[in-house]
Amino acid sequence: MFGYYIDLALRSLKRTPVLTGLMVLAIGLGIGASMTMLTVLHVMTEDPLPGRSAHLYTPHLDPLPSTYHQPEDGPEPNDSLTWPDALALLQAHRAVRQAAMAGGTQLLTPQRAGLQPFDINGRYTTADFFAMFGVPFAEGSGWTAADDAAHAHVVVLSEPLARKLFGAANPIGQTVQVGNNGEAPNGFRVVGVTLDWAPRPLFYEDAAGKPYTDSDEFFLPLSAAIDLKLSFNGNQNGWGHVDGDSWRTSPNSSWLQFWVQLDTSAQVRAYHRFLVDYSAEQKALGRFQRPATNAKLYGLMGWLAHENLVPDDVKLQMWLALGFLGVAMLNIVALLLAKFLRRSGEISVRRAMGARKRDIFVQFGIESALVGVAGGLLGLGIAQIGLWSVRQRPDDYAHLASMNPSMLFGTVVLAIIASVLAGMLPAWRACRVPPALQLKTL
Amino acid sequence: MEIRPILATLRRHKLTAILLMLQVAFTCAIVCNVAFMIIYRAQRVSMPTGIAEDQLSVIQVAGIRQGANPQAQHVVDLAALRAVPGVESVVATNGSLPLSESSSFYGVCPTRKALEQAMQVQSLGSACVQPGVYGGSPGVIATLGLDLIEGRDFRSDEFVKDDQPPAAIISQALAQRLYPGENPLGKELYTGAKNPIRVIGVVKTLLAARLRMPGTDYYTMLYPELPSGTYTYYVMRSASQDRERVLKAAHAALLKVDPNRLVENEGETYTQIRAQYFQRDTTMISLLLASALGLLFVTALGITGLANFWVGQRTRSIGIRRAIGATRVDILRYFQTENFLIVTFGVLLGMLLAVGLNLLLMKHYELPRLPLWYLPIGAAVLWLLGQLSVLAPALRAANVPPVVATRSV
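This one's a predicted model, so the numbers in the text were calculated from it and none came from an experiment. (Residues numbered from 1 in each chain as written. Chains lettered and ligands numbered in written order. Predicted model: local features only at pLDDT ≥ 70, side-chain atom pairs only at ≥ 80, totals over all residues.)

1. Describing the overall build of chain B
Moving on, step 1. The helix and strand inventory of chain B stands at 12 helices and 11 strands.
Moving on, step 2. Computed over the C-alpha atoms, the radius of gyration of chain B is 32 Å, more than 25% above the 22 Å expected from 2.2 N^0.38 for a compact globule of 409 residues.
Moving on, step 3. Counting all 409 residues of chain B, 43% fall into the buried class.
Moving on, step 4. Excluding contacts between residues fewer than 6 apart, the proportion of contacts in chain B whose partners are at least 24 apart in sequence is 82%. (Helix = DSSP H or I, 4+ residues; strand = E, 2+ residues; numbered from the N terminus. Rg over C-alpha atoms; globule rule 2.2 N^0.38 Å. Buried ≥ 20, exposed ≤ 12 C-beta atoms within 10 Å, placed from the backbone. Contact = placed C-beta atoms within 7 Å.)

Okay, structure coming up:
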C-alpha cells in the first residue's frame, strides 16, 4: 500500500510541477535559513570543557562603593576581581583547586637569527590553572605553587610557539625574552609546552576578548607579571582613589578572572557560604559597603549565559530565519489544502469503493511528506551554503560555523516535522470528504 | 461590486482563506519590522565622520627600541613618511580615530560646580557628558580634513605628552550640549584634572571612535596630546587613488628607519576602516533585505497558487455566470475583489502583529520604536503584491467561455 501511495503522490505532484517546485523551494529556503542559524547558535553555546565544566565555578564579589554609578555602556566592574580579593581567595584555599588569571599581549624578542620581534597573546595565572582545566602537555608541565610564591620567571609555551622559537630543539630549560615596549625584555625559563588547547568559547577570558578565536600562546605566573608591571588585555575598572601605576594591586581596581574547582554540591554550598562570610568580614572591616549576599558563585555554563556571548544580531538572524520558515509552512498548508480539496471527487470515489478515512489520510500525508523531504534535502544544501557564507564573515565565531553529524540529523528531523505538520491539516480535511455527496456532483 | 457573494464563497473555503490571511498578516508584520531595521542600519552605515575619509590611510607601528624616546622616534618617522611621494601631510596618533573602535571617552563638565556635583554622586548627571577624545601630533586638524568653523588651530607650543593639555578643540554638537546658546570659545572644560581646559576652537562634525548611543555619537573633542603608548598610528593624507601605493611605500619607509620593529603589514585606507567598522551592519542589511524579498516572494507564490486552484475549481460556475450575462470584467473584478478582501483582513491583523513584534524586539534587542507610518506603507505593498499575484489567474478566469456551463465535467 505504501508503495502505491508514493506512486499516487508522485503522479499528483507531477501534475503541477511548477507549484510543487515552488513549494519545495519555499520550505527548502525556510529550513536552510533556520538550520544555518541554529547551527551557528549551537556551536556558540556548546560546552567548552565537556566532562569538567560541571565542576568549574567562578566566584564574584561586590567591592563597589554604595554610591558607585554604573556607566551606561561600560563593562560591569564586578565581572572581575581585585588583586587583594583574588589573593585572599587563593590563600584561603577553600576549593579543590583555584586559580586567578588575566590575559596579556607581550612583545617577544626571539634569540634565533632571522626572526623579527612579534606579539604573543597569553595568560598570567597561578599554578592550579593547568590541573584544574586539564591542559594537555606535550613536554614538561606547569609550574608549582612555590614558583608562584617566589614570583619565578618561568613560562609555559604552546606547541606552535615553541616550534617557531626553537625548531626541533628541546624547548624545556630554554629562555625566552618577553618585554613591554621600550623596556628591557625579561628572560623567562620554559618549563612546559602545551598541546594545541583552546576551549571554545574561551570561557575564562574577560569580556573584552574574542572568546571564539583567542587562544593562549604562553602562560606565566601572575605574581611575576604583577612584579614586572606587564601590560594586560581586558577591562580594568577603577573606583575611588587609585594611584596611577599601582592599579594592579589596588583594592579599588578589578581586572582578574578567578576560577575554582568544586567536586560535590556540599563543596559548592560551602564555598558560596565562604564567599558571603568573606564579604561580611570585609564589610565589617569597612572595605566593602554593599550587602555581603551580593557575593555570587556561577557555574561554568551559568557564567557563559551571564556573559551573553551570542551577539544580538545572531539571535535576530535566527528569529528571522524561523519566521521565514513559519510563513513558508503556512503557505504550504494553504496550497496543499486547496490542492487536496480540489480532488474531492477522486477522494469520494475511493471512499465509496471502500477506502477508510485512515487510508485517505495516509495517502495525502505521504504526498505532503514527500514535499517536506524534498524541501529538507534542498534545505540541507542551502544550509551548507549559508554556513559557508557565515564562515566568510570576519566575526570572532565565524570559523566555527559548520555542521556536525547531530546537526545534520537535526536538519532532516526538522524538515520531516515541518512537512508532517504542514501536511497534517490538509490530509485531515481531505479524509473528512464524505463519499456520497461528492459522487452526486460528478 | 457586490461583495456579499464573495464573502459567501469565502465562508465555504474558510480554512484556506484564513490560512492565506494569516500568511499575509505574518508577512506584513515581519516585512514592516525588517524594513524598519534596514533603514535604521542604513542610517548608521552612512553616518559622516567629519574627516576626509577618501584621502586618508593609516599605518600602525609597534615596538620602539628599548630606551628610545617615543616622541623623538615619531619625529624621525614623520619625516620619513612625509618624503613618501604622494603624501600631502601626515600626523602621529595613539590610534583613537573615528570608527577605529580604539576609543577614549572622558567625562567633562561645563562648570566647576557641575563637576563637584558629579564627583559627589559619582555620576555624570545631566550637566556633564562623556565625549570621545582624540589626540595627535601638530597638524592633526588639517591632515584629518576637519572643518574648523570657529576659533583657531592648536599652536605648536600647546602640544603635551603624558600631561594635561592646556587647550581643546570641540565638536559643534558638544559645544551646543555643554554651552547651549553661548559662544563656546574661551570657555573652560572641567575634567577632574588640576586645571580646567580652555576651548579654543570648534569643528563642524567629528564622529566618536565607536558608536555608543544615538544622539551622543557626535560629542567629541581634540586634545593637543602627542601619542606615547606602545602603538603609534600614522595617518597620511594623499590623493584618493594614491592611497594603496602610499601605504606600500610607507611600510617600506618605516622599516627602513628601524628594521627591528613591528609594522602592521599593509596598513588600511579609511574606506577599509569604515567598511570594517560597519561590516556587521552591512551583512545584516543584506540578510534583512534577502529575507524580506524572500517572504514577499513566498506570499506572492501562495496567492497565485491558491487563486489558480480556485479558478480551476470554479470553472463551471464561472461559465454559468458568464452564460447568464456576467461580462469578462465582472469575472476579473470578482477575483480581484476576493483577493483584496483576504489581503485587507490580513494586513489589518498584520499591522497589529507588526506593532506587537516591534514591542517584543524593543524589549529584547534595544531596537527603537517602529514609526507608525511604516504600517500603511507595508499594507500598501501587500495590497499591490496581492493584486499583481492574482492578476494572471483572474485573467484566466475571465477567459472562461460561457459555453463551459453547458458541458458536463
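Now that the structure is up, let's keep going.
2. As for the overall build of chain A
Moving on, step 1. Within chain A one finds 14 helices and 12 strands.
Moving on, step 2. On C-alpha atoms alone, chain A measures out to a radius of gyration of 31 Å, which is more than a quarter above the 22 Å that the 2.2 N^0.38 rule sets for 442 residues.
Moving on, step 3. Projected onto its principal axes, the C-alpha coordinates of chain A cover approximately 100 × 60 × 40 Å.
Moving on, step 4. When the 442 residues of chain A are sorted by exposure, 41% land in the buried category.
Moving on, step 5. For chain A, long-range pairs separated by at least 24 residues make up 78% of all intrachain contacts whose partners lie at least 6 apart in sequence.

3. Here we look at the environment of A:Gly423
Moving on, step 1. Structurally, the position occupied by A:Gly423 is in helix 13 (residues 405–431).
Moving on, step 2. Separated by 91 residues in the primary sequence, A:Gly423 and A:Ile332 have C-alpha atoms spaced 8.2 Å apart.

4. A few points about unusual backbone geometry
The general pattern is negative phi for most residues beyond glycine and trans for most peptide bonds.
Residue and element names in this part refer to chain A.
Moving on, step 1. Here Arg200 and Pro201 are connected by a cis peptide whose omega angle stands at -10°.
Moving on, step 2. Within the element layout of this structure, Pro201 appears in the loop between strand 8 (186–194) and strand 9 (218–221).
Moving on, step 3. For Lys229, which is not glycine, the phi dihedral falls at a positive 55°.
Moving on, step 4. Structurally, Lys229 can be placed in the loop between helix 7 (222–227) and strand 10 (237–238).
Moving on, step 5. Residue classification places Lys229 among the partly exposed residues on the basis of 13 C-beta atoms within 10 Å.
Moving on, step 6. A positive phi angle is found at Asn308, which is not glycine, with a value near 55°.
Moving on, step 7. Along the polypeptide, Asn308 turns up in the loop between helix 9 (300–307) and helix 10 (312–342).
Moving on, step 8. Owing to 10 C-beta atoms within 10 Å, Asn308 belongs among the exposed residues under this scheme.

5. Digging into the packing of helix 11 (residues 328–365) of chain B against helix 12 (residues 374–398) of chain B
Residues and elements named next belong to chain B.
Moving on, step 1. At a closest axis distance of 8 Å, the pairing of helix 11 and helix 12 adopts a crossing angle of 155°. It follows that helix 11 is roughly antiparallel to helix 12 by the angle criterion. Like other packed secondary-structure pairs, helix 11 and helix 12 cross with a definite hand, here right-handed.
Moving on, step 2. In terms of residue class, the contact of helix 11 with helix 12 is built from 18 nonpolar, six polar and one charged. (Axes fitted to C-alpha atoms, helices over the stretch in contact; angles between N-to-C directions. Parallel < 35°, antiparallel > 145°, perpendicular 65-115°, else oblique. Left-handed = near helix turned anticlockwise from the far one by under 90°. Nonpolar A, V, L, I, M, F, W, Y, C, P; charged D, E, K, R; others polar.)

6. What about the pairing of strand 2 (residues 87–93) of chain B?
All names here are of chain B.
Moving on, step 1. Counting buried positions along strand 2 yields five of seven residues, so the element is predominantly enclosed.
Moving on, step 2. Strand direction decides the pairing type here: strand 2 and strand 9 (residues 231–238), joined by six bridges, are antiparallel. By the bridge assignment for strand 9, Val91 is matched with Val235. (Pairing = 2+ DSSP bridges.)

7. What to know about the interface of chain B and chain A
Moving on, step 1. Taken together, the 42 residues of chain B in the interface contact 40 residues of chain A.
Moving on, step 2. Where the side of chain B that touches chain A is concerned, the elements lending two or more residues are helix 2 (14–45) and helix 9 (279–313) of chain B.
Moving on, step 3. Broken down by element, the residue count for the side of chain B that touches chain A peaks at 17 residues, all from helix 9 of chain B.
Moving on, step 4. Class assignment for the residues of the side of chain B that touches chain A results in 22 nonpolar, 18 polar and two charged.

8. Side note on the packing of helix 2 (residues 17–44) of chain A against helix 9 of chain B
Moving on, step 1. Between helix 2 of chain A and helix 9 of chain B, the least distance of the axes is 11 Å, while the angle of their chain directions is 150°. Compared by their axis directions, helix 2 of chain A and helix 9 of chain B come out roughly antiparallel. Every pair of crossing elements has a handedness; the one defined by helix 2 of chain A and helix 9 of chain B is left-handed. Contact with helix 2 of chain A, carried on its side by A:Leu19, A:Leu22, A:Ala26 and A:Leu29, involves B:Gly294, B:Val298, B:Leu301 and B:Gly305 of helix 9 of chain B and no other residues of that element.
Moving on, step 2. Broken down by class, the residue content of the contact of helix 2 of chain A with helix 9 of chain B amounts to six nonpolar, two polar and no charged.

9. Topic: the domain arrangement of chain A
Put simply, an interface is often sized by how much accessible area is lost when its parts join up.
Moving on, step 1. According to the domain assignment, chain A consists of domain 1 (2–45 + 311–441) and domain 2 (53–307).
Moving on, step 2. Spacing between the C-alpha centres of domain 1 of chain A and domain 2 of chain A amounts to 50 Å. (Domains from an automatic or database assignment.)

10. Quick look at the domain arrangement of chain B
Moving on, step 1. According to the domain assignment, chain B consists of domain 1 (4–45 + 280–406) and domain 2 (53–277).
Moving on, step 2. Once you take the C-alpha centre of each, domain 1 of chain B and domain 2 of chain B turn out to be 53 Å apart.

11. Considering helix 12 of chain B
An α-helical turn contains 3.6 residues, so a residue and the one three or four places further along point in the same direction.
All names here are of chain B.
Moving on, step 1. With 25 residues, helix 12 extends 35 Å from end C-alpha to end C-alpha; this agrees with the ideal 36 Å at 1.5 Å per step.
Moving on, step 2. Along helix 12, the largest kink reaches about 40° and is centred on Leu391; proline Pro393 follows within four residues of it.
Moving on, step 3. Considered for burial, the residues of helix 12 that qualify are Gly378, Ala379, Leu382, Leu385, Gly386, Ser389, Val390, Pro393, Ala394, Ala397 and Ala398.
Moving on, step 4. Residues of helix 12 that are buried in the fold lie against helix 2, helix 9, helix 10 (315–323) and helix 11. (Expected span 1.5 Å × (residues − 1). Bend = angle between axes of the 7 residues up to and from the residue.)

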